[in-house]
Amino acid sequence: MAVRFSELLLREQRITPAQLEVALGHQRASGGRLGATLVRLGLLSDEDVALVLSRQYGVPAVQLSDLEIDPAVIRLIPVEAAVKHEVVPVARQGATLTLAMTDPANVGALDDIAFITGLHVEPVVASDAALQQAIGKYYRHAVPGAVRARPVTQPRPRGPAGTSETADLEVVDDVETVVSEEKSEEENDGTEDGGEPTVIQLVNALMLSAIQRGASDIHVEPYEKDVRVRYRVDGVLRPVPAPPLKYRDAITSRIKILAHLDIAEKRLPQDGRIKARFNDRGRTRDVDFRVSCLPTLFGEKVVLRLLDPETLRLDLTALGFETLALERFQRAIRRPWGLVLVTGPTGSGKTSTLYSALAHINQPGVNVLTVEDPVEFNLPGINQVQVRDQIGLTFAAALRAFLRQDPNVILVGEIRDAETASIAVKAALTGHLVLSTLHANDAATTVNRLVNMGVEPYLVAGSVNVLCAQRLVRRVCKSCKTARQVPAETLVQIGFREDETAGLRTVVGRGCQHCGGTGYRGRIGVFEVMEMSESLRDLVRSNAPVPEIRKQAAAEGMPSLRESGRQKLRDGVTTIEEVMRETV
């Protein structure tokens, strides 16, 4: 067992017991390490502290002020790791990295640096003051003596496509701040030997480019001989130029560090979150990235979901509802009680519809509670709860607690199981308006899903106000939109009457710089809104088959998803290919 630093000082008679008491008093008052406190009080020199630490841990001491460290060695360790662990790389020989640190017994720090660099790490010891000065010197903007919230300037990254970005990205968390901006003339160019970008630059560029392209997700996929990077833009994955294979693991580690994940754990899935600040032409926006890591054969696949509050349109009239569908949906959410269900596959815009509904009904006199997994956007004036399954805070547990919180409106992020479904239905029947989502193909099928989850048909009939199924189709780019003539048989195939086909002209995007050559920019919803009439309630109570419920809803004027898509074609909003892809 190593001798304590204070005991070693006394044993070697470098300080007296009285001086130690004085130093310990200052340390308790101002914090920091004992060695740094002794140096500040003038009782020891940096060299003395390093020599004692060397004997304490049995590793060589180094005087950082006497060294001039190669910039290529410094770039082996990202600034956030150097600041977090209070370390400075000193030299590299082959596969061995010499690392200066105050506490060589910190196995966690040694493991992290070994993982980040892929090198064998040999620690040497230096005083705390010398390390802080070295971090300030070699990492430029790191403030000596301050371990947290240190800004580090990197050159403006170039986007994955090789074009220079025109905005700044600041990744903000409780450990470090990374800012992309123009470099000053005296600064290092921030690139690896041979002009290649650093890992920090690559990750910043990936995130910044995704924000500027309006992507909803970033996919980083490792393979044996390459790395694939794709952005999901308007619901479709698009590949972008990938980084070199040698950065495969380093990019994953960088993202995991920013998301406060365990970089040493590569066998299990992990989830985290990154908060970034996007500065575009002097206007600042905060964007959250929800991070998911999944172990695969050749490394970890990382998906970052972009949660940009400015892309959230809390306006029901702008989502794409047809007039009759919008009237029915608004009528349902204005009722004081009942169940409103929005259905559709993942990524179909269900959350946006529910958030827009909450914004429509949220008033100072209304108590609104939500339970979500995860909470994607913060809504002012609404009490939002994050599901935490590991401690027992499930959808069902939160719902039970909500009923004791005097709610008017309850939003359940998703009905996943029989218990949640049962509590939601009972809450709707006892005077609360309950909004939620469910995975179902269309509105009529939702009834069958609830019954299969164990909810009695008579409870479904009595509680549901409206069932809304939706999909998202891509909008034709307004900058390159042009009319096109479509064969009549194609129009008939998707449901148009023959008498409609004669004068009907659809649109298509030619592709331009505004839409990245795709012909599409943005998305709009197609909706199927089934309001529960008395005749439909009777069919549900009698456990009628889904086709019969669907037929009755159509007879009462419910446009199907395909019919909503056809209206978008008449309005010149989307293309036939999009309607056929998303509706049946």
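Residues numbered from 1 in each chain as written. Predicted model: local features only at pLDDT ≥ 70, side-chain atom pairs only at ≥ 80, totals over all residues. Heavy atoms only, no water.

Undergrad: Now, about the environment of Ser356: what can you tell me, with residues and values included?
TA: Inspection of the secondary structure puts Ser356 in helix 12 (residues 350-361). With 41 residues separating them in the primary sequence, Ser356 and Asp315 have C-alpha atoms 5.5 Å apart. Every residue in contact with Ser356, bar those within four places of it in the chain, is listed here: Arg313, Leu314, Asp315, Leu316 and Leu319. (Helix = DSSP H or I, 4+ residues; strand = E, 2+ residues; numbered from the N terminus. Contact = heavy atoms within 4.5 Å.)

Undergrad: So, the sheet that holds strand 1 (residues 87-93): which residues are in play, and what are the values?
TA: With mixed pairing, three strands are arranged side by side in an open sheet as 1-2-3. One side of each edge strand has no neighbouring strand; the edge strands of this open sheet are strand 1 and strand 3 (120-125). On average, adjacent strands in this sheet sit at an angle of 30° to one another, irrespective of strand direction. Bridge count between strand 1 and strand 2 (residues 96-101): six bridges; the pairing is antiparallel. By the bridge assignment for strand 2, Gln93 is matched with Thr96. (Pairing = 2+ DSSP bridges. Axes fitted to C-alpha atoms, helices over the stretch in contact; angles between N-to-C directions.)

Undergrad: Lay out the environment of Ala100 in plain terms, naming residues and giving numbers.
TA: As for its position among the elements, Ala100 is in strand 2. With twelve residues separating them along the chain, Ala100 and Val88 place their C-alpha atoms 5.2 Å apart. Those residues within four positions of Ala100 in sequence are excluded, and the remaining contacts are Val62, Leu64, Glu86, Val87, Val88, Val90, Val124, Ala126 and Leu131.

Undergrad: Before we move on, could you go through helix 21 (residues 561-570) and cite the residues and values that matter?
TA: Of all ten residues that make up helix 21, seven are buried, and the element is covered over most of its length. For helix 21, the full list of buried residues reads Leu561, Arg562, Ser564, Gly565, Arg566, Lys568 and Leu569. Positioned one or two residues after helix 21, Gly572 has a phi angle of 70°, which is positive. (Buried < 20%, exposed > 50% of the residue type's maximum accessible area, 1.4 Å probe, protein only.)

Undergrad: Give a description of the state of the cysteines that names residues and reports values.
TA: Counted by the stated rule, this structure contains zero disulfides. We note that Cys512 lacks a disulfide partner, and the nearest cysteine sulfur, in Cys477, lies 3.8 Å from it. (Disulfide = S-S within 2.5 Å.)

Undergrad: Any chance you could break down the side chain of Gln330 for me, citing the residues and the numbers?
TA: Here Gln330 shows up in helix 11 (residues 323-333). For Gln330, a relative accessible area of 16% translates into the label buried. With sequence-adjacent residues up to four places away left out, Gln330 is seen in contact with Leu316 and His360.

Undergrad: Could you give an account of the confidence of the model for the protein chain, naming the residues involved and the relevant values?
TA: With 88% of its residues at a pLDDT of at least 70, the protein chain reaches an overall mean of 82. No element of the protein chain has a lower mean pLDDT than strand 4 (residues 150-154), at 33, and none a higher one than strand 13 (residues 338-343), at 96. Here residues 141-166 is a poorly scored stretch, pLDDT under 50, and it has 85 contacts once near neighbours within four places are set aside; other chains count. Every residue in residues 173-196 scores below 50 in pLDDT, and together they form 71 contacts with partners more than four places removed in sequence or on other chains. (pLDDT = per-residue confidence, 0-100.)

Undergrad: Hey, could you go over the pairing of strand 8 (residues 227-233) for me, with residue numbers and the actual values?
TA: Of all seven residues that make up strand 8, five are buried, and the element is covered over most of its length. In terms of strand pairing, strand 7 (residues 217-222) meets strand 8 through six bridges, oriented antiparallel. Residue pairing across strands places Ile218 opposite Tyr231, the latter belonging to strand 8. Here strand 7 folds back onto strand 8 in antiparallel fashion, the turn holding four residues. As paired strands, strand 8 and strand 9 (residues 236-240) are joined by five bridges and run antiparallel to one another. Each residue of the ladder has a partner; that of Arg232, found in strand 9, is Leu237. Counted along the chain from strand 8 to the antiparallel partner strand 9, the turn is two residues long, and its residue Asp234 has a positive phi close to 55°.

Undergrad: Break down a nonpolar patch on the surface for me, citing the residues and quoting the values.
TA: On the surface, Tyr223, Leu297 and Phe298 cluster together into a nonpolar patch covering about 320 Å² of accessible area. Topologically, Tyr223 is positioned in the loop between strand 7 and strand 8. (Patch = residues over 30% accessible without salt bridge, like charges linked within 9 Å, V, L, I, M, F, W, Y side chains within 5 Å. Areas by Shrake-Rupley, 256 points an atom, 1.4 Å probe, with all protein chains shown as cover. Salt bridge = Lys/Arg side-chain N within 4 Å of Asp/Glu carboxyl O.)

Undergrad: Describe helix 15 (residues 443-452), and please don't skip the residues or the numbers.
TA: Most of helix 15 is tucked away, with seven of its ten residues classed as buried. Buried residues of helix 15: Ala443, Ala444, Thr445, Thr446, Val447, Leu450 and Val451, and no others. One side-chain oxygen of the residue at the start of helix 15 lies 3.4 Å from the amide nitrogen of Ala444, identifying that residue as Asp442. (Polar contact = N/O pair within 3.5 Å; in protein donor to acceptor, adjacent residues only side chain to side chain.)

Undergrad: How would you sum up the sheet that holds strand 14 (residues 368-372)? Please name residues and give values.
TA: As summarised here, the arrangement of the seven strands in space is 15-14-16-17-13-18-21, forming an open sheet in which the pairing is mixed. The open sheet is flanked by strand 15 (383-386) and strand 21 (520-531), the only strands paired with a single partner. If you compare each strand with its neighbour and ignore which way they point, the axes differ by 20° on average. The pairing of strand 13 with strand 18 (residues 464-476) spans five bridges and is parallel. Its bridge partner being in strand 18, Leu341 is matched across the sheet by Leu467. Taken strand by strand, helix 11 contacts strand 13, strand 17 (433-438), strand 18 and strand 21, and its axis lies near 65° from that of strand 21.

Undergrad: Explain the packing of aromatic side chains to me, and be specific about the residues and the numbers.
TA: For any pair of aromatic rings, the description rests on two quantities: the centre-to-centre distance and the angle between the ring planes. Counting across every chain of the model gives three aromatic pairs. Relative to Phe527, the ring of Phe321 lies with its centre 3.8 Å away and its plane at 15°, an arrangement referred to as stacked. One end of the pair, Phe321, is in the loop between strand 12 (299-307) and helix 11; the other, Phe527, is in strand 21, with 206 residues separating them in the sequence. Aromatic side chains Tyr355 and Phe377 sit 6.3 Å apart centroid to centroid with 75° between the ring planes, which places their arrangement in the edge-to-face category. Residue Tyr355 is located in helix 12, and its partner Phe377 is located in the loop between strand 14 and strand 15; the two are separated by 22 residues in the primary sequence. Side by side, Tyr355 and Phe377 carry an identical accessibility label, which is buried. Cluster of aromatic residues (ring-pair linked, three or more members): Phe321, Phe329 and Phe527. (Phe/Tyr/Trp six-rings, centres within 6.5 Å; stacked < 30°, edge-to-face > 60°.)

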